[in-house]
Amino acid sequence: MHVVYPAIVSALLFSIGVYGVLARRNTILVLMSVELMLNAVNLNLVVFDVWLRDRLHGGQVLTLFVIVIAAAEIGLGLAIVLALYRNRQTVDLDHLRALAEPSPPGVTATSDATPGTDPAIPGTALAHATSGDETAPSAAGPERTSGRREDS
Amino acid sequence: MIIFAALAVLLPFLSAAAGLLGSRWPGHARDEQGDERANRRAAWVAVVPTGISAVLAGWLAATHGAGFGGGEVLTSSPSGGTGNGGPGTDGVTGTLTVVDTGSIPISVGLVVDDLAATAGVLVTVVALAVQIYSVGYLRGDRRYPSYSAFISLFTSAMLLVVYAADLLVLYVGWEIMGLCSYLLIGHWWEDRANSRAAVKAFLVTRLGDVGFLFGIFVLGAAADSFKINDVLAAVPQMSSGTLIAATLLLLAGVAGKSAQVPLHTWLPDAMAGPTPISALIHAATMVAAGIFIVARLYPAFLAAGPTLDVLAVLAALGMLGAALAALAQDDLKRVLAYSTISQLAYMAAALAAGSDSAAIFHLVTHGAFKALLFLCAGAVIHAVGSNLMSMMGGLRKELPITFVTMTIGFAALMGLPPASGFFSKDEVLAAVEQAVSQGPLTDAAALLLYGSALATVAVTGAYSTRAWLRTFFGTRPIVALPEPAPGTARVIETHEAPATMKWPIIVLAVPALLLGLVRIADVHWGTAGLSVAVALLGAGAVYAVWRSDPLSDPARMLGPLRAPCERAFYVDSVYQWVFARPVLALARLVVRTDDRVVDGAVRGSGRVTLGLSGLVRLTQNGNAQLYVTGLLAGVLLISVGAVMFG
Amino acid sequence: MTEAVPSYLSPTGQEIIFLLLGAVAVGSGLLVVTTRQLVHAALWLVVCFGALAGCYLVLTAEFVAWVQVLIYVGAVVVLLLFGIMLTRAPIGRSADLDSGNKIVAAVVAVATAAVLVTVVIDGFRTAYTPLDPGAGAAKELGSAIFRNWVLPFEALSVLLLAALIGAIVISRTDIRGRD
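- The name given to chain C in an unreviewed UniProt entry is NADH-quinone oxidoreductase subunit J, with Planobispora rosea as the source organism.
- Check the Sequence similarities (unreviewed entry) section of the UniProt entry for chain C; it says "Belongs to the complex I subunit 6 family."

- As recorded in an unreviewed UniProt entry, chain A goes by NADH-quinone oxidoreductase subunit K and comes from Planobispora rosea.
- The record held by UniProt for chain A lists under Sequence similarities (unreviewed entry) the comment "Belongs to the complex I subunit 4L family."

If you want it as structure tokens, here you go:
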């Protein structure tokens, strides 16, 4: 058996996996593509094991290990996908943009109205109003300040 | 011996440090009581070390130098040149340490000879008087502690100049004096004019100091040593070109410090400082430093004839111009300031004429009587609340002591016997007269100097009389006094000054009156008679004009000359136009260039970076797939590269 | 490895079978990443894995082949199908399974394939191995694992346990991290 044949099949499968990972939108499809890539690697491992006649059967044993690890990976991956779906109601990769840096303030008008900054504005305005209310009478009459001092 | 000189120099310095650091320590009371306590402590800290220094300087002068009181050492013939015992002939030199610089070492050393001992006594006595006087003059001033500390520092620096045995050590003291002068003139810096005057004094003297420093370098390089003795010993071996260059450069520093034409403009403005400062710095000591330096390095100057000619012309211009300017001023302190310039020009004239002993003699007597005049003027200003003579008049009844002492001062200034100024001015005139026939000067310069000196005697008599009459005689104009400016004393009741101000005046009046008598044997009666006659002529003219109308200013007799005189011949304006405006314009140009070009480049690069980063961040859109795509593409490229080129 | 390489123009029966199975695997793999139906993708994945198991068989790796069938076809794909159901993916055609990255992805993938195939052909043109059956039997592999690879095997069991716990923790909503 020419070693080139399985090696080429493996290379093609790997490239298909790459395409799937890069082009697919659905996260589960991306996971499938990852499985394709892993299988391509497995095929390589097996054929080199056979070719090199490894006395320890390292290639095939490693293939088994990879299969096990792939199973674990798919379990964890699906758990993550499910958690994602619960939180975001979507599993589309290009809707998940939390990696991006938030836009700096002032670049666009809409970016200012992010939920994080919104509540702060009325809060500060309120603080100004209350502090103004407190300082005005204390500046007006010394007796009131002294009274307040006794109170405190 | 040297250790005492070092002690005399160091004591005021330590007192300055203590006054600056310790006046308010411990405790930080910033109220009235705290201020008063700090002032009292600062006064003790300032006065006592200065007093000890004065005693030490007096002792040095008495034991070692035979001093000025002995009179023998200074009695060389006017054209005798290095009559003042060329430094090192009988002086005591001590080197404290040697700073190795790699080329010419700097020896930190002091020298006590006649010149230094005499000047040291002058400095310490005047400084002591000023310190005591300031206690009363600045009573209640919150910044008195720093003020007195600066005076101490100044005294220390001046003593360093006087006793220094090395040119670079001397230069250290020289520069510290410039700094203290700046700090003290700007004492009332709240007023913009005062801080401007301080900056002006600093800049103008610094301009001269640059020349001075390079003069030192030229001398030091030519003599291969900075020690004054070595330098003077090497003078005969130097080429005349070197000597002329060095002395002309030194002359720039001298003109700056001693307020000689053309660097004199800072002195009248410096009257913005407190009056005791005017007395200390701008009459008795700092301006004397320039003359002192010339006397110190006199053999070098004598060997450089053209320099002496330049000095003679400058002195001739300065003495007459300043005296005329003094005649037209209304501000009492400015009158005295211009008179200082004029009198310093006398000393320069004596030096140019080849008689350093006459110059030093006049320096000492002038230091005494000008300090006296300034302190009296301070008392008058303190009493009246204004610097302007048009606000004064008839004060002789209200301020009898000041009247008497100031009369002595004016008499000395005019050169009337038996006041000290009579004797010193006579020696100067005699020296100048002799220079016409023989001496180092060219004939034209000598003649110009002599004519100018005689004319100045007349004008001096005129302006002294004018100031005297307008201050103490006549009636006081009834004018609603304005708020006292920060530059004047706050007290406006007309009464005699407090004791701390009164006693220094009285004490200073004694040498101002009697100091000249030690040289009574040397009077050239012919010259003296001529000088007194000319002075009285000027005085009589002013008196006649004043009698005709006691209320108006006798300066009106100058006629159309009055306005130029009042503005000191527009020198300030010329400088303003020739130097200040172009420099300001250049500065504005530089600022604008800095703002537009340099900052513009910086801001522009920031903006370009921001724009480029905006482009880059377009790819950072959070899409993980895009990132992985880029990653894999990069890996591909690398592996292709590795395969192809590896 | 040094013996003469038989001609590529006269393939043996094993090679023909392997190439057919490989073609099936590659073709179904392509369908996995291009189909417009989510469930079909999972099913094509089964075909692909099955074809790969056949390849393993041809390459005399029997045990690996059976494990492939058991775990991949039996477990992983079923798990994926559960995932598809649980995320309420639409059954049937959906137009937006590909993201906008498609063209770039295709370019990168083709480039990857080109590089890999070039390198592989360049590197293994002369490599040839005769196949002797039984080399990958369960007995051989079992003795290899439990004689020589025991320690990695045990470590792997711990890894599996950790993955199990991790998956549970991530997917359960009533377990919260410490605040």
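1. Observations regarding the UniProt feature "transmembrane region" (unreviewed entry) in chain C
All names here are of chain C.
(1) Moving on: In this structure's numbering, the residues bearing the UniProt feature "transmembrane region" (unreviewed entry) are residues 16-34, 41-59, 65-91, 103-121 and 149-170.
(2) Moving on: Split by type, residues 41-59 is 95% helix and 0% strand. Its first and last C-alpha atoms lie 27 Å apart.
(3) Moving on: Between the C-alpha atoms that bound residues 103-121 there is a distance of 27 Å. The span itself is 100% helix and 0% strand.

2. Some thoughts on the UniProt feature "transmembrane region" (unreviewed entry) in chain A
(1) Moving on: Listed under "transmembrane region" (unreviewed entry) in the UniProt record, and renumbered for this structure, are residues 6-22, 29-52 and 64-85 of chain A.
(2) Moving on: The span residues 29-52 of chain A is 100% helical and 0% strand by assignment, and the distance between its end C-alpha atoms comes to 35 Å.

3. A closer look at unusual backbone geometry
(1) Moving on: Here valine 261 of chain B and proline 262 of chain B are connected by a cis peptide whose omega angle stands at 5°.
(2) Moving on: You will see that alanine 259 of chain B, though not glycine, has its phi angle at about 55°, which is positive.
(3) Moving on: The class of alanine 259 of chain B is buried, set by a relative accessible area of 0%.
(4) Moving on: Notably, threonine 60 of chain C is not glycine yet its phi reads approximately 70°, a positive angle.
(5) Moving on: Its location among the elements puts threonine 60 of chain C in the loop between α2 (38-58) and α3 (62-86).

4. Here we look at the interface of chain C and chain B
(1) Moving on: Of the residues lining the interface, 8 residues belong to chain C; the matching set on chain B comes to 8 residues.
(2) Moving on: On the chain C side of the interface with chain B, the three residues burying the most area are Asn101, Val108 and Val115 of chain C, jointly 65% of the side's total.
(3) Moving on: Our count for the chain C to chain B interface comes out at 1 residue pair in polar contact (both at pLDDT 80 or more).
(4) Moving on: The residue makeup of the side of chain C that touches chain B, split by class, is 5 nonpolar, 3 polar and no charged.

5. Some thoughts on the packing of aromatic side chains
Residues and elements named next belong to chain B.
(1) Moving on: By the definition in use, this model includes 21 aromatic pairs over all chains.
(2) Moving on: Here phenylalanine 214 and phenylalanine 217 contribute two aromatic rings whose centre-to-centre distance is 5.8 Å and whose plane-to-plane angle is 80°, an arrangement assigned as edge-to-face. Within this pair, phenylalanine 214 and its partner phenylalanine 217 are both found in helix α7 (residues 192-223), separated by 3 residues, close to a single helical turn.
(3) Moving on: A relative accessible area of 45% places phenylalanine 214 in the partly exposed class.
(4) Moving on: Summarising the aromatic geometry, the rings of tryptophan 468 and phenylalanine 473 are spaced 4.9 Å apart at their centres and angled 65° between planes, so their arrangement reads as edge-to-face.
(5) Moving on: Over the face of the ring belonging to tryptophan 577 we find arginine 581, whose NZ or CZ atom lies 4.1 Å from the ring centre.

6. Regarding the interface of chain C and chain A
(1) Moving on: In this complex, chain C contributes 90 residues to the contact, which on the side of chain A involves 68 residues.
(2) Moving on: Of the roughly 7,100 Å² buried where chain C meets chain A, counting both sides, 77% is carbon and sulfur surface.
(3) Moving on: Its largest share of buried area at the contact with chain A, chain C owes to Val33, Tyr72 and Thr87 of chain C, together 9% of the area lost on that side.
(4) Moving on: The partner of arginine 53 of chain A in a salt bridge is aspartate 132 of chain C, with the nearest N and O atoms 3.2 Å apart.
(5) Moving on: Counting every contact that joins chain C to chain A gives 18 residue pairs in polar contact (both at pLDDT 80 or more).
(6) Moving on: Split by residue class, the side of chain C that touches chain A holds 61 nonpolar, 20 polar and 9 charged.

7. Notes on the environment of serine 452 of chain B
Residues and elements named next belong to chain B.
(1) Moving on: Looking at the element boundaries, serine 452 is found in helix α19 (residues 443-472).
(2) Moving on: In this structure the C-alpha to C-alpha distance between serine 452 and glycine 318, which are 134 residues apart in sequence, comes to 9.3 Å.
(3) Moving on: Among all residues touching serine 452, those that are not within four sequence positions of it are Ala316, Met319 and Leu320.
(4) Moving on: From its side chain, serine 452 meets the backbone oxygen of alanine 316 in a polar contact 2.8 Å long.

8. Concerning the packing of helix α18 (residues 420-437) of chain B against helix α21 (residues 525-548) of chain B
All names here are of chain B.
(1) Moving on: Between α18 and α21, the shortest axis-to-axis distance is 9 Å and the interhelical angle comes to 110°. Considered as vectors, α18 and α21 are oriented roughly perpendicular to each other. In the crossing of α18 with α21, the sense of the turn from one axis to the other is right-handed. Touching Phe422, Asp426, Leu429, Ala430 and Glu433 of α18 are Trp525, Thr527, Ala528, Ser531 and Val532, all from α21.
(2) Moving on: For the contact of α18 with α21, the residue count by class is 6 nonpolar, 2 polar and 2 charged.

9. What to know about the side chain of glutamine 68 of chain C
(1) Moving on: Within the secondary structure layout, glutamine 68 of chain C lies in helix α3.
(2) Moving on: Excluding residues that lie within four positions of it along the chain, glutamine 68 of chain C makes contacts with Asn39 and Ile67 of chain A together with Phe49, Leu52, Ala53, Tyr56 and Val73 of chain C.

10. As for the nonpolar core
(1) Moving on: The biggest cluster of nonpolar side chains holds 193 residues, and the ones touching the most others in it are Tyr163, Leu219, Trp266, Leu297, Val380, Met406 and Leu449 of chain B.
(2) Moving on: Discounting residues that sit within four places of it in the chain, tyrosine 163 of chain B has contacts with Ala5, Val9, Ala57, Leu60, Gly109, Leu110, Val111, Val112, Ala116, Ala117 and Gly120 of chain B.
(3) Moving on: Ranked by size, the runner-up nonpolar core spans 76 residues in total, among them Met1 and Val68 of chain A together with Val64 and Val108 of chain C.

11. Re helix α17 (residues 400-414) of chain B
Residues and elements named next belong to chain B.
(1) Moving on: Compared with the 21 Å implied by 1.5 Å per residue over 15 residues, the 21 Å span of α17 between its first and last C-alpha is a close match.
(2) Moving on: Buried-residue contacts for α17 involve α15 (332-352), α16 (356-384), α18, α19, α20 (499-514) and α21.
(3) Moving on: Looking at the residues trailing α17, positive phi occurs at glycine 415, about 85°.

12. Remarks on α16 of chain B
(1) Moving on: Here α16 of chain B contains 29 residues, and its C-alpha end-to-end distance of 40 Å stays within 8% of the 42 Å for a straight helix at 1.5 Å per residue.
(2) Moving on: Summarising burial for α16 of chain B: 29 of the 29 residues are buried, a large majority.

Rules of the game
Residues numbered from 1 in each chain as written. Chains lettered and ligands numbered in written order. Predicted model: local features only at pLDDT ≥ 70, side-chain atom pairs only at ≥ 80, totals over all residues. Heavy atoms only, no water. UniProt positions renumbered as here; feature names shortened; annotations may be inferred. Helix = DSSP H or I, 4+ residues; strand = E, 2+ residues; numbered from the N terminus. Buried < 20%, exposed > 50% of the residue type's maximum accessible area, 1.4 Å probe, protein only. Contact = heavy atoms within 4.5 Å. Buried area = accessible area lost by both parts, 1.4 Å probe. Polar contact = N/O pair within 3.5 Å; in protein donor to acceptor, adjacent residues only side chain to side chain. Nonpolar A, V, L, I, M, F, W, Y, C, P; charged D, E, K, R; others polar. Phe/Tyr/Trp six-rings, centres within 6.5 Å; stacked < 30°, edge-to-face > 60°. Lys NZ or Arg CZ within 6 Å of the ring centre and 35° of its normal. Salt bridge = Lys/Arg side-chain N within 4 Å of Asp/Glu carboxyl O. Axes fitted to C-alpha atoms, helices over the stretch in contact; angles between N-to-C directions. Parallel < 35°, antiparallel > 145°, perpendicular 65-115°, else oblique. Left-handed = near helix turned anticlockwise from the far one by under 90°. Core = buried A, V, L, I, M, F, W, Y, C linked by side-chain atoms within 4.5 Å. Expected span 1.5 Å × (residues − 1).

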